[in-house]
Number of protein chains: 2
Amino acid sequence: MDQAQAREWLATAVAEARAGLAEGGVPIGAALHGPDGTLLGRGHNRRVQDGDPSAHAETAAFRAAGRQRTYRGTTMVTTLSPCWYCSGLVRQFGISRVVIGEADTFHGGHDWLAAHGVEIVLLDDPECVAMMRAFIESDPELWHEDIGA
Amino acid sequence: MDQAQAREWLATAVAEARAGLAEGGVPIGAALHGPDGTLLGRGHNRRVQDGDPSAHAETAAFRAAGRQRTYRGTTMVTTLSPCWYCSGLVRQFGISRVVIGEADTFHGGHDWLAAHGVEIVLLDDPECVAMMRAFIESDPELWHEDIGA
């Protein structure tokens, strides 16, 4: 996919991550786009806000999109490499593409997804890296809780 | 683990699945137990009831258990072999064991979990098989939607 388009979509996920940070939460955001580019759902990690450990950003965006008959041609955009839980979501529901802000601070299941035919667009976005790095340094316990480490 | 114990725990998941069926939903139930056997959370698929495609039974039970510092020693009990999404949940959070009612009507990611060190207890429970088989026959469209097929 076009890098400019990927960066434009990433902006929505970054805005979600910033909103989560402002709420005192884990700063990871995501957005799900339809095959024609329509924004189907957006969300951010809500572990702290809702006391919900399942509310990873990708799951929040997927949930916000509601019931869909198929995910063929959809794109999940996320500020951070998806963990195994969110990678499993992508594989199970046949989401076609994942746009990732960065995989420096956390390396999840995106290689596994690529091996199973999912298109991976890794952007190495400096803002995403800086936001996660600052968060991990300021609240390592919360971060480790969020990834079950 | 002891088979009698596994079957006793499965009863909770089956009760959840039945409750989901009575609500017009997908009849899959789950329960998360702590290392000492304490029931931490229970739930069932709520795709239809909440319009929430992320509410697979295992995720519902995990969510109901709230925030936990660690999942070491915990057991996820589910009426059906966990899909990739729920298998990813188990792997990411380090849930130690999965008790499965049946894997005849759907074969998810439990072999992958076993390969990654998760203890798998597959019970081949006839009631679980019968419940899923009847559901798949009566509402194949809903079932396919639930697994992204």
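Bear in mind that the values here come from a model prediction, so they are computed numbers and not experimental data.

**Notes on the relation of the copies chain B and chain A**
Each copy superposes on the other: chain B lies on chain A with an RMSD of 0.0 Å after a rotation of 180 degrees and an axial shift of 0.0 Å. This pairing of chains is accounted for by a two-fold axis. The position closest to the rotation axis in chain B is occupied by the C-alpha of Gly88(B), lying 2.5 Å away. Here 100% of the interface residues in chain B have copies in chain A that are interface residues too; the copies meet face to matching face.

**Notes on helix α1 (residues 3–22) of chain A**
Residues and elements named next belong to chain A. Taking 1.5 Å per residue, 20 residues should reach 28 Å; α1 reaches 28 Å between its end C-alpha atoms and fits that length. All of the buried residues along α1 are Ala6, Trp9, Leu10, Thr12, Ala13, Val14, Glu16, Ala17 and Gly20. Following α1 by one or two positions, Gly24 adopts a phi angle in the positive range, close to 85 degrees.

**Section: the nonpolar core**
Soluble globular proteins tend to pack their nonpolar side chains together in the buried interior. Membership of the largest hydrophobic core comes to 60 residues, with the highest contact counts inside it found for Met76(A), Trp143(A), Met76(B) and Trp143(B). If we skip the residues at most four places from it in the chain, Met76(B) touches Ala30(B), Ala31(B), Leu32(B), Glu58(B), Ala61(B), Phe62(B), Leu89(B), Ile95(B), Arg97(B), Val98(B) and Val99(B).

**Some words on the UniProt feature "domain: CMP/dCMP-type deaminase" (unreviewed entry) in chain A**
Here the UniProt feature "domain: CMP/dCMP-type deaminase" (unreviewed entry) sits at residues 4–119 of chain A. Annotated as residues 4–119 of chain A, this span is 41% helix and 21% strand, and its ends, taken at the C-alpha atoms, are 16 Å apart.

**Some words on the sheet that holds strand β3 (residues 75–80) of chain B**
By definition, the strands of a sheet pair up through backbone hydrogen bonds, in either a parallel or an antiparallel sense. Residues and elements named next belong to chain B. Taken together, the five strands give an open sheet; going across it, the order is β2-β1-β3-β4-β5, and neighbouring strands pair in mixed fashion. Two strands close off the open sheet at either side, each with one partner strand: β2 (39–44) and β5 (119–122). Here the average twist between neighbouring strands, direction ignored, is 15 degrees. Examined bridge by bridge, strand β1 (residues 29–33) and β3 share four bridges and lie antiparallel to one another. Of the residues in β3, the one forming a bridge with His33 is Thr75. Contacts between helix α6 (residues 126–138) and the sheet are confined to β3 and β4 (97–102), with β4 contributing the most and set at about 65 degrees to the helix.

**Structural notes on the interface of chain B and chain A**
It is common to give the size of an interface as the accessible area that goes away when the parts come together. Between chain B and chain A, the residue contacts involve 33 residues of the former and 33 residues of the latter. Of the roughly 2,900 Å² buried between chain B and chain A on both sides combined, carbon and sulfur atoms contribute 55%. Considering only the side of chain B, the residues that lose the most area to chain A are Arg67(B), Tyr85(B) and Gln92(B), jointly responsible for 26% of the buried surface there. The interface formed by chain B and chain A includes four salt bridges. Put simply, chain B and chain A have 14 residue pairs in polar contact (both at pLDDT 80 or more) between them.

**Overview of the pattern of salt bridges**
Residues and elements named next belong to chain B. One pass over the structure, following the stated rule, counts 22 salt bridges over all chains. For Glu16, the salt bridge goes to Arg42, with nearest N and O atoms at 2.7 Å. Of the two residues, Glu16 sits in helix α1 (residues 3–22) while Arg42 sits in strand β2, which places them 26 residues apart along the sequence. Owing to a relative accessible area of 11%, Glu16 belongs among the buried residues under this scheme. In this structure Arg42 comes out as partly exposed when scored by relative accessible area, which is 37%.

**Details of the side chain of Gln92(B)**
Assignment of secondary structure puts Gln92(B) in helix α4 (residues 84–93). Polar contacts involving the side chain of Gln92(B) include one to the main-chain carbonyl oxygen of Ile147(A), which spans 3.0 Å. If near-sequence neighbours (up to four positions away) are discounted, Gln92(B) is found in contact with Cys83(A), Trp84(A), Tyr85(A), Phe106(A), Ile147(A) and Gly148(A).

**A few points about the packing of aromatic side chains**
All names here are of chain B. Here the structure, examined in full by the defined rule, presents 18 aromatic pairs over all chains. Between Tyr71 and Phe93 the ring centres are 5.7 Å apart and the planes differ by 70 degrees, which places this aromatic pair in the edge-to-face class. Residue Tyr71 is found in the loop between α3 (57–64) and β3, and its partner Phe93 is found in helix α4; the two are separated by 22 residues along the sequence. Judged by its relative accessible area of 2%, Tyr71 falls in the buried class. Accessibility expressed as a relative area gives 1% for Phe93, which makes it buried. Taking the centre distance of 5.3 Å and the plane angle of 75 degrees together, the rings of Trp84 and Trp112 count as edge-to-face. Taken together, the residues span a long stretch of sequence, with Trp84 in helix α4 and Trp112 in helix α5 (residues 110–115) at a distance of 28 residues.

**Brief notes about the side chain of Glu145(B)**
With respect to the secondary-structure elements, Glu145(B) resides in helix α7 (residues 140–146). Looking at Glu145(B), its side chain comes within polar contact range of the side chain of Arg47(B), at 2.7 Å. For Glu145(B), the contacting residues outside a window of four places in its chain are Arg67(A), Gln68(A), Arg69(A), Phe93(A) and Arg47(B).

The rules we used
Per chain, residue numbering runs from 1 following the sequence as it is written. For naming, the first written chain is A and the first written ligand is 1, with later ones following in the order written. Restriction of local features to residues with pLDDT of at least 70 applies here, the model being predicted, together with a cutoff of 80 or more for giving and counting side-chain atom pairs; totals for whole chains, interfaces and linings are based on all residues. With hydrogens and water set aside, each side-chain value is computed from the structure's full complement of heavy atoms. Copies overlap after least-squares fitting; the atoms used are the C-alpha atoms of residues with pLDDT of at least 70 in both. Two residues qualify as a contact provided that any one of their heavy atoms is within 4.5 Å of a heavy atom in the partner residue. Secondary structure elements are defined from DSSP: runs of H or I of at least 4 residues count as helices, runs of E of at least 2 residues count as strands, and each element is numbered from the N terminus. In this scheme, a helix's expected span is set at 1.5 Å multiplied by one less than its residue total. Each residue is assigned to one of three classes by its accessible area relative to the maximum for its type, calculated with a 1.4 Å probe on protein chains only: buried under 20%, partly exposed between the two thresholds, exposed over 50%. In plain words, nonpolar cores are sets of buried Ala, Val, Leu, Ile, Met, Phe, Trp, Tyr and Cys residues tied together by side-chain atoms within 4.5 Å. UniProt positions are given in the numbering used here, feature names are shortened, and annotations may be inferred rather than shown by experiment. Between any two strands, pairing holds if DSSP finds at least two bridges. Each axis is a line fitted through C-alpha atoms, taken for helices only over the stretch in contact, and angles between the N-to-C directions span 0 to 180 degrees. As a working definition, buried area equals the accessible area (1.4 Å probe) given up by two parts on being put together, with both sides summed. By salt bridge we mean one thing: a side-chain nitrogen of Lys or Arg within 4 Å of a carboxyl oxygen of Asp or Glu. For the purposes of these results, a polar contact is taken to be a pair of N or O atoms within 3.5 Å, where, inside protein, one atom must be able to donate a hydrogen and its partner to accept one; residues adjacent in sequence count only when each atom of the pair is a side-chain atom. Stacked, tilted and edge-to-face are the three classes applied to pairs of Phe, Tyr and Trp rings, where Trp contributes its six-membered ring and a pair requires centres within 6.5 Å; stacked means planes under 30 degrees apart, edge-to-face means over 60, and tilted covers the rest.

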